[in-house]
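# Per-entry structural report
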Amino acid sequence: SLYFKRDENAITETKNKYHKFLLSFSYNILRNTEDSEECVSDTYLGAWQSIPPEKPIFLKAYLSRITRNISLKKLRFLSMSK
């Protein structure tokens, strides 16, 4: 509900609850802590920009999808730059 109120505490609360999970999720794709941290930070921005109008039923699943997409995009970028 904090996202719908456009309350910036939404990001803080999201980070407090899901940061370790999202970092682990991203790390399993990238195998690099710094890149994973960057992707998770981008996840918070993506959630902030998309809620509303999106109304995720399960926030953890929604955040996981954002993290996965950002992490895969980063992985493609890294593999092309080698």
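To start, this report covers the structure provided alongside it.

Parameters and conventions
Residues numbered from 1 in each chain as written. Predicted model: local features only at pLDDT ≥ 70, side-chain atom pairs only at ≥ 80, totals over all residues. Heavy atoms only, no water. Salt bridge = Lys/Arg side-chain N within 4 Å of Asp/Glu carboxyl O. Helix = DSSP H or I, 4+ residues; strand = E, 2+ residues; numbered from the N terminus. Buried < 20%, exposed > 50% of the residue type's maximum accessible area, 1.4 Å probe, protein only. Axes fitted to C-alpha atoms, helices over the stretch in contact; angles between N-to-C directions. Parallel < 35°, antiparallel > 145°, perpendicular 65-115°, else oblique. Left-handed = near helix turned anticlockwise from the far one by under 90°. Contact = heavy atoms within 4.5 Å. Nonpolar A, V, L, I, M, F, W, Y, C, P; charged D, E, K, R; others polar. Phe/Tyr/Trp six-rings, centres within 6.5 Å; stacked < 30°, edge-to-face > 60°. Lys NZ or Arg CZ within 6 Å of the ring centre and 35° of its normal.

## Topic: the pattern of salt bridges
Side-chain pairs of opposite charge can arise where the charged atoms are in close proximity. Taken as a whole, this structure holds two salt bridges when the rule is applied. For the salt bridge of Lys-74 with Asp-35, the shortest nitrogen-to-oxygen distance reads 4.0 Å. Here Lys-74, found in helix H3 (residues 59-80), pairs with Asp-35, found in helix H2 (residues 33-50); they are 39 residues apart in sequence, far enough to count as distant. Of the two residues, Lys-74 and Asp-35, both sit in the buried class. Between Lys-74 and Glu-38 there is a salt bridge, and its shortest N-O distance comes to 3.6 Å. One end of the pair, Lys-74, is in helix H3; the other, Glu-38, is in helix H2, and 36 residues separate them in sequence. Judged by its relative accessible area of 17%, Lys-74 falls in the buried class. What emerges from the salt-bridge pattern is a single network uniting Asp-35, Glu-38 and Lys-74.

## Thoughts on the packing of helix H1 (residues 9-30) against H2
At their nearest, the axes of H1 and H2 sit 8 Å apart, and the two run at 135 degrees to each other. Between H1 and H2, the crossing angle belongs to the class labelled oblique. Read as a crossing pair, H1 and H2 show a hand that is right-handed. Contacts from Ala-10, Ile-11, Thr-14, Lys-15, His-19, Leu-22, Leu-23, Ser-26, Tyr-27 and Leu-30 of H1 reach H2 at Thr-33, Asp-35, Ser-36, Glu-37, Cys-39, Val-40, Thr-43, Tyr-44 and Trp-48. A class-by-class count of the residues in the contact of H1 with H2 yields 10 nonpolar, six polar and three charged.

## Structural notes on the packing of aromatic side chains
In this structure the tally under the stated criterion is two aromatic pairs. Ring geometry for Tyr-3 against Trp-48: centres 6.2 Å apart, planes inclined by 50 degrees, an arrangement best described as tilted. With Tyr-3 in the segment before H1 and Trp-48 in helix H2, this residue pair connects regions lying 45 residues apart in the sequence. Grouping residues by exposure puts Tyr-3 and Trp-48 together as buried. Over the face of the ring belonging to Phe-21 we find Lys-60, whose NZ or CZ atom lies 4.4 Å from the ring centre.

Read these as spatial facts, not as claims about activity.
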